[in-house]
Amino acid sequence: MTIDVLVEVKARQVDKTFTYLVPKELENKIQISVRVLVPFGKRKIEGFILKINKEKIEYDYELKEIIDVIDDHPVINSEMLELGKYISKKYLSPLISAYQTMLPTALKAKKGFIVNKKYVSYIKLNNIKDLDKLVNNDKQRKIIELLTENERMLKKELEKISASAVKTLINKKVLIEIKEEIYRLNDNIEIKNNNINLNSEQTKVVNTIKNYLNKFKPFLLHGVTGSGKTEVYMHIIEEVLKKGKEAIVLVPEISLTPQIVARFKERFGNKIAILHSRLNDGERYDEWRKIERKEVSIVIGARSAVFAPFTNLGVIIIDEEHSLTYKQENIPRYHAIDIALYRAKKHHCPVILGSATPSIESYTRAKIGVYELLELKTRINNNLPKVLIIDMKEEIKRGSKILSRLLKEKINERLEKKEQVILFLNRRGYTTVVTCHNCGYTDKCPNCDIPLTYHKTSNTMRCHYCGYGKSKLVSCPKCHSKDINEFGMGTQKLEQEIQNNFPNARVIRMDIDSTSRKGSHEKIISAFANREYDILVGTQMIAKGLDFENVTLVGVLNGDASLNIPDFRSAERTFQLLSQVAGRAGRGNIPGLVIIQTFNQDHYSIVKASMHDYEGFYEEELKLRKSLKYPPYYNLVHIKIESKDYNMAQTESEKIKNYLTSHLPKTVIILGPNNSNMLKINNIYHLQIILKYKKKEEVNDILETIENQYKINNKVDIEIDINPLRL
């Protein structure tokens, strides 16, 4: 018997299967998609079996034998095997990368990496005669007495009486130790009887979707913040579970808060598995096995949860469908919505894309009938927050550099009323740039050629791209002046500013730096929800998925910061971010107020966000997209050319440009080559070419040719991103 094995080497030139002989003693263990250990050159590596050849085939070279079979049962089911091939072809990625990205670390083909199952030990009495003769002291008698009253007990509980007594009795066979596997995440949340009555809008949406529970149908659920989209999701899931089917709910990583998980668990109990990046390898492995063993019927998770190995899917829900985090930035560069649509077609079930601010592309698809548009136009409490725009150019003239006079006044009012405040600034750290006042020297990252950010808590300068860190600049390395200036502001500086202005307020900060420890994210949210703090300062982490009924004021500092990013989607992101963060105000019974501080108060994205006018923003943005030939009117391909040698990257970029010009139809627009927005990251130079095209058939073959051409080029790396979300 021979088998074709896809090995764990991600190098593009190894993107194929290799044939191995199977020793007789291992033949009965061979199944499609189990992992095997194989010799590969001078190494021993793992791989997946993709084909079994039972007939004898003559080869003109000598085959090597596999070393061992790792799994007892298949790691990837038949649907996922096909899905991997789809991802590899659509996103021009190695097949092994597609399979590896689907699996938890414990099941990836990765030699030498083992994740152990977790066990708990129980003790019970052995059925033994002459028990008294074998018991020697009071502690042993106490243990026997307890086990006579209880059929079995946890070993660690009995060891509190005496570990040595437990050990002795086990050795004498008086006690029997039983090890049982337990899951690392096993919180038993009590199911609450949540018979929530839907309003008329929600009822209409639920009834429409219910008509399509046995057929493929994509829906776009456009609902303002606080309109009850989550309740709609839960009603649909209840209907799906009644049919004996399964549900996947995707939520952006930063929105996957303990709040939303607890809400689902209170409704559905332990039928839920959770998959996200904050789980350790063991926890993720356990959750995966709950799904495979059919112990759960709902998965809630971030992007990769779309690969949950359910075999009877009834619905896939993608909340905050506009979120950038649904697109993977490294190979394979898949989009979770594409995968959800592919799987839903296979399972004949609906896909629900929900958002208060849908992506321009999704809303256009709904407008032209590719998706069915469903709308929730009113808040559950019928109380959208009032939004005020403050012109910071005028405020600075009056001496208010960080907090406007109105924002200070309204914070004071809220503190007096014992109400809570959220302040949003999408920049972590203390200051953004540190420069010499004397000669203008700016402290930059040596690997990335961008200014370092000062972090006060650690008193270090850090690069947010490559992780480089150093001590804070005391004197200028160029002119030796000690007149060092700090410009810009991050969340750490804002937190200090708030503490200085409101000394009696209890302030907490939430950003990547303050939530780096496991569990810290949950602690901050829980403490703020329990009203242990008055003011929450944070980055975009606080913009989504949080529901605090006592928050009546949201302040946005530098509301136009994202407009300055050189990307055609910057207006859309600004509108989305402002709308989402504004949605945190007034979710209870008290009306909410949002104050947006900006230097660009007349920009349509800010004006329309202040009016809660998505349609108005969409129409404005669409005009620009059409005139500039951007999505949804054109598709994009982003070709990245990367090298440690800038001249080499430039030379290869020109070669690729010339090849594209001579082989692509004239209808395809070619931009570049030019330097990427970040030219140098971690000592690697980045250049880019952008293609705008209408039909994928125009570019697919040409892109595959370029991809294959550079498989064996070790000095230049080519990355092709289909329909990128960042340029």
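Quick look at the structure, then. Computed from a predicted model, the values in this text were never measured in an experiment.

Conventions adopted
- Residues numbered from 1 in each chain as written.
- Predicted model: local features only at pLDDT ≥ 70, side-chain atom pairs only at ≥ 80, totals over all residues.
- Heavy atoms only, no water.
- Helix = DSSP H or I, 4+ residues; strand = E, 2+ residues; numbered from the N terminus.
- Buried < 20%, exposed > 50% of the residue type's maximum accessible area, 1.4 Å probe, protein only.
- Contact = heavy atoms within 4.5 Å.
- Areas by Shrake-Rupley, 256 points an atom, 1.4 Å probe, with all protein chains shown as cover.
- Lys, Arg positive; Asp, Glu negative; His and termini not counted.
- Charge placed at Lys NZ, Arg CZ, Asp CG, Glu CD.
- Pairing = 2+ DSSP bridges.
- Axes fitted to C-alpha atoms, helices over the stretch in contact; angles between N-to-C directions.

Considering the overall build of the chain
Logical step 1: Assigned secondary structure in the chain consists of 20 helices and 30 strands.
Logical step 2: Projecting the C-alpha coordinates of the chain onto the three principal axes gives extents of approximately 95 × 75 × 70 Å.
Logical step 3: Residues classed as buried in the chain amount to 53% of the 727 residues present.
Logical step 4: Sequence-distant contacts in the chain: of pairs separated by 6 or more residues, those separated by 24 or more amount to 75%.
Logical step 5: Summed over its atoms, the accessible surface of the chain is roughly 34,100 Å², and 47% of this surface lies on carbon and sulfur atoms.
Logical step 6: Seen as two clouds, the 115 positive and the 91 negative side-chain charges of the chain have centres 1 Å apart.

Some words on the sheet that holds strand E21 (residues 469-471)
Logical step 1: What the three strands build is an open sheet, ordered E19-E20-E21; its pairing is antiparallel. At either margin of the open sheet sits one strand with a lone partner, and together these are strand E19 (453-455) and E21. Neighbour to neighbour, the strand axes of the sheet diverge by 35° on average, direction disregarded.
Logical step 2: The pairing of E19 with strand E20 (residues 460-462) spans three bridges and is antiparallel. Among the inter-strand pairings, Thr453 is bridged to a residue of E20, identified as Arg462.

A few points about the pairing of strand E25 (residues 551-556)
Looking down a regular strand, the side chains alternate between one sheet face and the other.
Logical step 1: Burial analysis of E25 places six of its six residues in the buried class, which makes it a mostly covered element.
Logical step 2: When strand E17 (residues 420-424) meets E25, the two strands line up parallel, connected through five bridges. Residue pairing in the sheet places Leu423 in a bridge with Gly555 of E25.
Logical step 3: Where E25 lies against strand E26 (residues 593-598), four bridges are found, and the strand directions are parallel.

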